[in-house]
Structure formats: structure tokens, C-alpha cells
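# Topology and contacts: notes
One letter stands for each residue in the lines below.
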Amino acid sequence: MSGLILTVWKGSLIEDIVQEVYNVPPPSPDISYPAWPMAWDLSKEYIQKRLEWELDYSRKLGFEFDYYMLFNQVPFRFKEANPQYKYVDADGQIAQIDPSDPKGRELSKKLYSGVIEKYGTDHMYGSGILGEFSPGDDPVQFKIDGALQLTELLKEIDPALKHWRYDGGWTFTFNAGNIWNKKTVKRFLDALPDEYIYLSDITCDYQKELLCEKYDYFYGKKWAFGIINSLAGDDFLSGDLQHIIEKAQMVVNSPKGNNCIGFNLAPENINTNPFLK
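The structure reproduced in this document is the subject of the present report. (Residues numbered from 1 in each chain as written. Predicted model: local features only at pLDDT ≥ 70, side-chain atom pairs only at ≥ 80, totals over all residues. Heavy atoms only, no water.)

Now for the packing of aromatic side chains. The geometry of two aromatic rings is summed up by the distance between their centres and the angle between their planes. All chains considered together, the criterion is met by 16 aromatic pairs. Between Tyr112 and Tyr125 the ring centres are 6.5 Å apart and the planes differ by 35°, which places this aromatic pair in the tilted class. With Tyr112 in helix α4 (residues 102–119) and Tyr125 in strand β3 (residues 124–127), the pair connects residues that are 13 residues apart, well separated along the chain. Here the two residues Tyr112 and Tyr125 agree in accessibility, since each one is buried. (Phe/Tyr/Trp six-rings, centres within 6.5 Å; stacked < 30°, edge-to-face > 60°. Helix = DSSP H or I, 4+ residues; strand = E, 2+ residues; numbered from the N terminus. Buried < 20%, exposed > 50% of the residue type's maximum accessible area, 1.4 Å probe, protein only.)

Structural data, given as C-alpha cells:
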């Protein structure tokens with residue numbers, strides 16, 4: 001059985017659900033989603049119909065989908081119209097409601113439920129918890145609280161939940177605020193429920209010392225060996241294949257490698273660059 005990652009919060013895929021959940025108008029044609037190119041030259045209606053066909057066809061072949069959605073993140077349009085809620089300080093780069101404000105969970109529940117109702121579900125999800133930011137006096141605890149809240153939310157809306165994928169590799173590598181070290185990574189991972197969460201490390205193609213080596217194979221947590229050779233829409237093809245092969249063999253042959261449960265190829269190019277559309 002193979003799994004595919006569907007980044008459902010991007011652009012036209014769920015714009016109708018976004019408008020309904022957040023009660024916001026459509027984005028202006030000349031405004032792109034933060035940090036993501038908008039190279040769509042097809043209509044929203046066509047894109048959504050094509051997605052429905054792709055999901056149906058792939059599932060008939062035995063593939064399952066991991067829905068990637070960002071917990072408590074809202075459109076800037078919503079934040080501008082609703083300043084009364086508590087938002088995370090993210091330097092204006094994203095709009096995200098603080099986990100301590102119940103409004104964030106309420107909206108996330110509606111968004112996730114809307115996606116599941118529209119596209120069905122294979123009971124697998126993915127998210128980050130402000131991976132490129134470290135807010136608050138205790139950002140590690142902030143991220144723990146967010147991860148636990150998301151777990152409880154997913155269990156509520158999908159009782160058949162298999163797991164959700166946490167973007168830990170990028171979070172620990174980016175290391176916003178320099179908060180991550182062996183002690184804090186272990187503290188964070190120890191707080192996560194083994195049954196429902198696994199960690200994705202998409203930095204294995206360029207780390208001389210893999211994060212699993214640095215952090216003792218993630219202290220027994222389930223994780224996936226991964227690569228991301230097309231960051232945020234860049235369309236270059238590159239990478240050290242020998243390095244990847246050697247590191248993959250190292251993990252497979254390590255006594256601690258049993259908690260590596262798969263291989264993750266991060267698809268940041270999909271529907272952001274015309275060549276790979």
C-alpha cells in the first residue's frame with residue numbers, strides 16, 4: 001500500500017470550502033497565497049473536478065491519501081476582518097490563531113470536516129505546528145500543546161484516524177529561535193502519542209549528519225526517511241544519489257532503524273510550476 005500527500009490548503013483546491021468556513025470573499029486574482037507561486041492557468045472548477053477524478057482513480061489502484069492542512073491557520077482576509085481573536089506572532093508571514101483561543105479549533109474542525117465531506121478520507125493527515133516560527137515564552141510547550149490539540153481534533157472528526165504526519169525534520173532543521181537541541185527535541189517527542197503521530201524528515205538528501213543520527217533515531221518515535229529537492233516551487237532537479245543510498249542503507253542496517261516506517265518524497269512542485277503540472 002502506498003500513500004500520496006495531497007496539499008489541500010493550496011489555492012483553488014478548497015477555495016469554496018475556505019469561503020464557507022471563514023466567511024471571506026475570494027482572493028483577488030493578483031494576490032497569491034503567502035510564499036507560494038500561483039501558476040494556475042486552469043479554472044478552479046476544472047482543477048477541482050480533476051482532483052476528484054485523480055482521487056477516485058488512485059484509490060481504485062490501492063493508493064491512500066495523506067491530507068496536508070495547517071492547524072489553526074486562517075486566510076489573511078479572515079484576520080483582517082476579525083481582529084478580536086488571539087493570533088500568533090509570526091512576523092506577518094502567516095495568519096494563525098493561537099491554540100489558547102478556542103476559535104482556532106472551531107474553524108479547523110469545520111475546515112477539516114469540509115474537506116473530508118467533499119473528497120472523502122483515507123484517515124491520514126499531515127501538518128506542521130508553526131515549523132518556521134517559535135512564539136511565546138516557552139515555544140516548545142507551545143508546539144506540544146498545538147500537536148496534542150490537533151491529535152484530539154482529528155480523533156474527534158475521524159474516529160478511524162490512522163495517523164497524522166508531523167513535519168519535524170524541517171522544523172528541527174530550520175530551528176526558528178534556536179530552540180532545538182537534544183534536550184528540547186526529546187522533550188517534544190516524548191510528549192507526542194505514539195499511536196497517532198509519526199515524524200517526517202524531508203532533509204535526508206542534504207544533511208551530512210542525518211537528524212536521526214543527531215537525535216538518537218528520534219528517541220524511538222516512528223518516522224519516515226524523506227527528501228525535498230524542489231523547495232517552494234523551484235523546478236531544478238538535483239541531489240546526491242550516492243549520499244541518499246548510503247544514508248538509507250545506514251538506517252535500514254541500524255539496530256535503531258526499525259522505527260523508520262517509510263520513505264517520504266515531499267511534492268512541493270505539484271501545481272505550482274507549469275512544467276510539472
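A word on a nonpolar patch on the surface. Among the surface-exposed residues, Trp53, Tyr57 and Leu61 lie close enough to one another that they form a single nonpolar patch of about 380 Å² accessible area. Mapped onto the elements, Leu61 comes out in the loop between α2 (44–60) and β2 (64–68). For Leu61, a relative accessible area of 53% puts it in the exposed group. (Patch = residues over 30% accessible without salt bridge, like charges linked within 9 Å, V, L, I, M, F, W, Y side chains within 5 Å. Areas by Shrake-Rupley, 256 points an atom, 1.4 Å probe, with all protein chains shown as cover. Salt bridge = Lys/Arg side-chain N within 4 Å of Asp/Glu carboxyl O.)

This paragraph deals with helix α7 (residues 182–190). Listing the buried residues of α7 in full gives Thr184, Val185, Phe188 and Leu189. The buried residues of α7 occupy one face: seen down the axis, they fall within an arc of 130°. The exposed set on the far side of α7, more than 90 degrees from its buried face, consists of Lys182 and Lys183. Packed against the buried residues of α7 are α5 (139–157), β4 (163–166), α6 (168–174) and β5 (197–201). For α7, the side-chain oxygen to backbone nitrogen distance between the N-cap and Lys183 is 3.0 Å, and the N-cap itself is Asn181. (Arc of directions from axis to C-beta. Contact = heavy atoms within 4.5 Å. Polar contact = N/O pair within 3.5 Å; in protein donor to acceptor, adjacent residues only side chain to side chain.)

Take the pattern of salt bridges next. Inspection of the entire model under this criterion finds 19 salt bridges. Between Asp16 and Lys118 there is a salt bridge; the shortest N-O distance is 3.4 Å. Here Asp16, found in helix α1 (residues 15–22), pairs with Lys118, found in helix α4; they are 102 residues apart in sequence, far enough to count as distant. Take Asp16: its relative accessible area is 28%, and that puts it in the partly exposed class. Note on Lys118: relative accessible area 30%, which makes it partly exposed. Beyond isolated ion pairs, a larger network of salt bridges with shared partners links Asp16, Lys49, Glu52 and Lys118.

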